[in-house]
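Coordinate analysis (summary)
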Amino acid sequence: MKEFDVIVVGELNVDIILNRIDRFPEMGKEILAGSLDLTLGSSSAIFANNLSSLGSRVAFIGKIGKDEFASTVLNSLQSRMVNTSNIFTSGTHSTGATIVLNFGQDRAMVTYPGAMEDLKLEDIDWEFLSTASHLHFSSIFLQPGIRYDLPLLFSKAKSLGLTTSFDPQWDPAEKWDVNLSELLPQLDVFMPNLTEFTLLTGTSSLGEGIKYIKQYAPELTLVVKNGVNGAFGWDGVEILHQPAFLNENVVDCIGAGDSFNAGFLHKFTAGASLAECMEYGALTGAVSTAKAGGIGAFETREIMRNLAAKLFNKII
Ligand SMILES: Nc1ncnc2c1ncn2[C@@H]1O[C@H](COP(=O)(O)OP(=O)(O)OP(=O)(O)O)[C@@H](O)[C@H]1O
Ligand SMILES: [Mg+2]
């Protein structure tokens, strides 16, 4: 039995979330927000936090600065029982931050990447990695220090007996420069959203994209998320559609994709079927929309369970 179910290698930052703004800001003018939250941000950290809340044993490998935001990140992960012994302090960069302007169900964001750009393959302790059953990596485009070494990271993880998953997330440069032919054969689960999937594969539909990835990784499990339209799963045989659990009172959709990933991989690492993993992912994705920020709905097991029961009549 390994010490951890999942080790997350990824980016760390705080989110500074401004809610209840009544119009978008214009150059040279000032508007007011109705509320401000400072909370754990970043795809990888939200994923790790929520996966731990679901009951998986989780550890994190990443980089922060030496500042107040670093304490917010560490305290938050530690209070959710995520192992932070391999979160390192950068000697050159401060902790990243994202300013989120929430506007209805959509949002605009500006990110200062900071220390996440300084994470390198040399920072990974292989002995530590081998204490987990599964490796998850998220946000390739935000981590220039490690992005071109990802095939090496995943192949090393596979050789140590771990299963692997990867969520690319959005490319702020919109160049979508990822060598999928090298990366996909090292993965067990690939988890983009639909827009990311078509842009990465250079195709214009789910079916075409599946044909493209099949040539490199016929055994891969593919999960393509599509917001309120649900998600598609493909395990080399058939395409499965999982509808979203519709939440009538969405607070915000920050981290819905990461919460979906957490639910999906919590079941996947326990050996569940694709259909079970997809349904659980859709449930945890929907639950995350019921509270502010990426981790609000997963703050305690009780909050998370009550939301699932009350809103969707489901047990988490
Ligand atoms: N408004 C919503 N109501 C209910 N479920 C939702 C909602 N938004 C998202 N979900 C669920 O969460 C899943 C993932 O969301 P989405 O498709 O937005 O991922 P994403 O684009 O990767 O998100 P992120 O911005 O967090 O990376 C969806 O497939 C759906 O099941
Ligand atoms: Mg996403």
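How each quantity is defined
Residues numbered from 1 in each chain as written. Chains lettered and ligands numbered in written order. Predicted model: local features only at pLDDT ≥ 70, side-chain atom pairs only at ≥ 80, totals over all residues. Heavy atoms only, no water. Buried < 20%, exposed > 50% of the residue type's maximum accessible area, 1.4 Å probe, protein only. Helix = DSSP H or I, 4+ residues; strand = E, 2+ residues; numbered from the N terminus. Pairing = 2+ DSSP bridges. Near = heavy atom within 4 Å. Polar contact = N/O pair within 3.5 Å; in protein donor to acceptor, adjacent residues only side chain to side chain. Areas by Shrake-Rupley, 256 points an atom, 1.4 Å probe, with all protein chains shown as cover. Right-handed = clockwise from strand over helix to strand, strands pointing away. Axes fitted to C-alpha atoms, helices over the stretch in contact; angles between N-to-C directions. Core = buried A, V, L, I, M, F, W, Y, C linked by side-chain atoms within 4.5 Å. Contact = heavy atoms within 4.5 Å. Left-handed = near helix turned anticlockwise from the far one by under 90°. Nonpolar A, V, L, I, M, F, W, Y, C, P; charged D, E, K, R; others polar. Phe/Tyr/Trp six-rings, centres within 6.5 Å; stacked < 30°, edge-to-face > 60°. Lys NZ or Arg CZ within 6 Å of the ring centre and 35° of its normal. Salt bridge = Lys/Arg side-chain N within 4 Å of Asp/Glu carboxyl O.

Here the focus is the pairing of strand E1 (residues 4-9). Here E1 lies mainly inside the structure; six of its six residues are buried. In this structure, E1 lies alongside strand E8 (residues 132-138), joined through five bridges in parallel fashion. Within E8, the residue paired with valine 8 across the bridge is histidine 136. Bridge count between E1 and strand E4 (residues 58-64): four bridges; the pairing is parallel. Looking across to E4, one finds that valine 9 is bridged to isoleucine 61.

Asn193, Gly227, Gly230, Phe245 and Gly257 are the nearest of the 22 residues found near ligand 1. One nitrogen or oxygen atom from the side chain of arginine 107 is found 3.1 Å from an oxygen atom belonging to ligand 1. Taking glycine 227, its main chain carries an N or O atom lying 2.5 Å from an oxygen atom of ligand 1. Summarising the interface, the protein chains cover 90% of the accessible area of ligand 1, which totals 630 Å² for the free molecule.

Moving on: the pairing of E4. Burial analysis of E4 places seven of its seven residues in the buried class, the great majority of the element. Residues Val58, Phe60, Gly62 and Ile64 of E4 are buried on one face, and the alternating residues Ala59, Ile61 and Lys63, pointing to the opposite face, are buried as well. For E4 and strand E5 (residues 83-89), the ladder comprises five bridges, and the chain directions are parallel. Residue pairing across strands places glycine 62 opposite isoleucine 87, the latter belonging to E5. Following the chain from E4 across helix H2 (residues 68-79) to the adjacent parallel E5, one finds a crossover that is right-handed.

Taken in spatial order, the four strands line up as E3-E2-E6-E7 in an open sheet, and their pairing is mixed. The outermost strands of the open sheet, each flanked by one partner alone, are strand E3 (35-41) and strand E7 (106-112). Between one strand and the next, the sheet's axes are offset by a mean angle of 20°, whatever the strand orientation. Note that strand E2 (residues 13-19) and E3 share seven bridges and pair antiparallel. Pairing of asparagine 19 across the sheet is with serine 35, part of E3.

Attention now goes to the nonpolar core. As a rule of thumb, soluble globular proteins bury nonpolar side chains together. Counting 49 residues, the largest nonpolar core has Leu12, Phe60, Leu77, Phe264, Val287 and Ile316 as the members making the most contacts within it. The greatest single-element share of this core, amounting to eight residues, is contributed by helix H9 (residues 274-288). Apart from residues no more than four positions distant in its own chain, phenylalanine 264 is found in contact with Val189, Met191, Thr221, Val223, Leu274, Cys277, Met278 and Gly281. With 39 residues, the next largest nonpolar core counts Leu119, Ile140, Ile146 and Leu206 among its residues.

What follows deals with the packing of helix H8 (residues 256-268) against H9. With their axes 7 Å apart at the nearest point, H8 and H9 run at an angle of 145° to one another. The chirality of how H8 crosses H9 is right-handed. Contact residues: H8 offers Ala256, Ser259, Phe260, Gly263, Phe264, His266, Lys267 and Phe268, while H9 offers Leu274, Glu276, Cys277, Met278, Tyr280, Gly281, Ala282, Thr284, Gly285 and Ser288. Per-class residue counts for the contact of H8 with H9 are nine nonpolar, seven polar and two charged.

Right, let's get into the packing of aromatic side chains. Enumeration according to the criterion identifies 11 aromatic pairs in this entry. Residues phenylalanine 141 and tryptophan 176 carry aromatic rings whose centres are separated by 5.4 Å and whose planes lie at 80° to one another, so their mutual orientation is edge-to-face. Of the two residues, phenylalanine 141 sits in the loop between E8 and helix H4 (150-159) while tryptophan 176 sits in the loop between strand E9 (163-167) and helix H5 (180-183), which places them 35 residues apart along the sequence. Each member of the pair, phenylalanine 141 together with tryptophan 176, is buried. Within the aromatic cluster, the residues linked to one another by ring pairs are Phe137, Phe154, Phe166 and Phe190. In this structure, lysine 267 is placed above the aromatic ring of tyrosine 280, and the distance from its NZ or CZ to the ring centre is 4.6 Å.

Next up on the list: the pattern of salt bridges. Within this structure, the stated rule accounts for nine salt bridges. Close ionic contact of aspartate 118 with lysine 120 constitutes a salt bridge, the shortest N to O distance being 2.8 Å. Since its relative accessible area comes to 10%, aspartate 118 is described here as buried. Here aspartate 167 ties to lysine 225 by a salt bridge, and the two come within 2.8 Å at their closest N and O atoms. One end of the pair, aspartate 167, is in strand E9; the other, lysine 225, is in strand E11 (residues 221-225), with 58 residues separating them in the sequence.

Quick look at unusual backbone geometry now. With a phi angle near 55°, glutamate 174 is a residue other than glycine that sits in the positive phi range. Residue placement: glutamate 174 occurs in the loop between E9 and H5. With a phi angle near 55°, tryptophan 176 is a residue other than glycine that sits in the positive phi range.

Read these as layout, nothing more, since geometry by itself doesn't imply function.
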